[in-house]
Amino acid sequence: MKVYLNGKFVDRSKAVVSVFDHGLLYGDGVFEGIRSYDGLIFKLKEHIDRLFESAHTIMLKIPMSKAALIDVVKQSLRVNRLHDAYIRLVVTRGEGDLGLDPRKCADPTVFAIADRIELYPKRLYEQGLELITVATQRNVPEALNPQIKSLNYLNNILAKIEAINAGFEEAIMLSHSGYVTECTGENIFLISSAAGKGKRLVTPPTYIGVLRGITRQTVMALGRRTRLDVREDLLTRHDLFNADEVFLTGTAAEIVPVVKIDGRMIGSGKPGAVTKKLQQAFRQLTKTDGIKY
Ligand code: PXG
């Protein structure tokens, strides 16, 4: 495996960064997780744009252009002869000293790892996932905005540990005020039906403290195209418990049906019809809507 590191493709064993890198010392950096499907990179521009936005907010100047970074992603896939892959793009503050001061870090570290995608077990998509709400709240946007895809994922990892300790794979994180935000690495959606009206597709608004997921945005667009009433609304656990369907979205996981939350069965307790339709539409999109490399 060849890894892109600061301008060169190096062997995996040579792809190492300094113990003084502030990405490691402080989680001071940003990243993206990108997918390719059968030789097409999905939503590459959106991922690159989000990386630059995250970097801009933390005042980290990415030392190359968007076009050059797009080329790095394409090259990473080509040199490793990958077709269906996962690409991790990372920019850290770079090597500094043992103080927080980012001014001591002269050169950001840029690397890209392309590897085969580790697919989630099939039964997850067929049977659906069971979630629990955990006590660890999602970061308050005023402290560390979840819209920044930073290397500081301890908030999410603490929530994941709680879920694992309780025997579950994923956790629902609430906001400081008790509203539903997202899971540790996926956005959350519900489907509900209002009497006499069509189906509603609802996900929490970003201001409550969620990542503006690229799969989230894609699924919202697919929802509009299939005439769902798509909304960003504050959601409570009660709303989730009483939804017709619930699912999660993320680059790696795509669309995952949720069938139980905190012991409450969701809908029929099986992946719902609308979720399945969106999964199909999403799969179709990945076959056509991508950038060749
Ligand atoms: N919320 C959070 C907190 C995330 O980290 C998403 C939502 C979904 O966003 P996208 O843009 O992917 O639809 C994420 C994404 C990993 C991994 O290695 C994590 C993500 C994506 C890919 C891989 O755990 N997080």
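To be clear, the structure that these remarks concern was listed above.
This text gives an overview of the structure that appears in the document. Position labels on residues start from 1 in each chain and follow its written sequence. Given that this is a predicted model, residues contribute local features only at a pLDDT of at least 70 and side-chain atom pairs are listed and counted only at 80 or more, while totals for whole chains, interfaces and linings are drawn from all residues. Only hydrogens and water are set aside; all other atoms, that is, all heavy atoms of the structure, feed into the side-chain values.

With respect to the site of the ligand
Around the ligand lies a shell of 19 residues, among which Tyr153, Glu182, Ile214, Thr215 and Thr251 are the nearest. N or O atoms closer than or at 3.5 Å make up a polar contact, with two conditions inside protein: a donor-capable atom paired with an acceptor-capable one, and, for residues adjacent in sequence, both atoms drawn from side chains. Between the ligand and Glu182, the relevant distance is 2.6 Å, taken from a nitrogen atom to a side-chain nitrogen or oxygen of the residue. Within the side chain of Thr251, a nitrogen or oxygen atom sits 2.5 Å from an oxygen atom of the ligand. Here the open area of atoms and residues is found with the Shrake-Rupley method and a 1.4 Å probe, where only the protein chains shown may cover a residue. Here the ligand has 540 Å² of accessible area as a free molecule, and 85% of this is covered by the chains. We count a stretch as a helix when DSSP gives it H or I for four or more residues in a row; a strand needs E for two or more, and each element gets its number in order from the N terminus. Of all the elements in the fold, those that place two or more residues in the shell around the ligand are β5 (85-92), α6 (214-225) and β13 (245-250). Broken down by class, the residue content of the shell around the ligand amounts to four nonpolar, nine polar and six charged. A domain-level breakdown of the shell around the ligand finds at least three residues from each of domain 1 (2-115) and domain 2 (122-286). When we say a residue is near a molecule or strand, we mean one of its heavy atoms is within 4 Å of it. As a working rule, the residues Ala, Val, Leu, Ile, Met, Phe, Trp, Tyr, Cys and Pro are called nonpolar, Asp, Glu, Lys and Arg charged, and the rest polar, with Gly in that last group. The source of the domain bounds is an automatic or database domain assignment.

Concerning the packing of aromatic side chains
Side-chain rings of Phe, Tyr and Trp (the six-membered ring for Trp) are treated as a pair once their centres are within 6.5 Å; stacked means planes under 30 degrees apart, edge-to-face means over 60, and tilted covers the remaining angles. Applying the stated rule across the entire model yields five aromatic pairs. Measuring from ring centre to ring centre gives 5.5 Å for Tyr4 and Phe9, while their planes differ by 70°; the resulting arrangement is edge-to-face. When accessible area is computed with a 1.4 Å probe and restricted to protein chains, residues below 20% of their type maximum are described as buried, those above 50% as exposed, and intermediate ones as partly exposed. For Tyr4, a relative accessible area of 8% gives the class buried. For Phe9, a relative accessible area of 26% corresponds to the partly exposed category.

A closer look at the packing of α6 against helix α8 (residues 273-288)
Closest axis-to-axis distance for the α6/α8 pair is 10 Å, and the angle between their directions is 110°. Judged by the angle between their axes, α6 and α8 are roughly perpendicular. Of the two elements, α6 crosses α8, and the hand of that crossing is right-handed. Contacts between α6 and α8 pair Thr215, Thr218, Val219, Leu222, Gly223 and Arg225 from the former with Leu278, Ala281, Phe282 and Leu285 from the latter. Counted by class, the contact of α6 with α8 contains six nonpolar, three polar and one charged residues. Note on method: axes are straight lines fitted to C-alpha atoms, helices fitted across the in-contact stretch only, with angles between N-to-C directions ranging 0 to 180 degrees. Any angle that falls under 35 degrees is termed roughly parallel, while one over 145 is termed roughly antiparallel, one within 65 to 115 roughly perpendicular, and all others oblique. Helix crossings fall into two classes, left-handed where the near helix is turned counterclockwise from the far one by less than a right angle and right-handed where it is turned clockwise. Working rule for contacts: check all heavy atoms of both residues, and any pair within 4.5 Å makes them a contact.

Shape descriptors only; they carry no functional weight alone.
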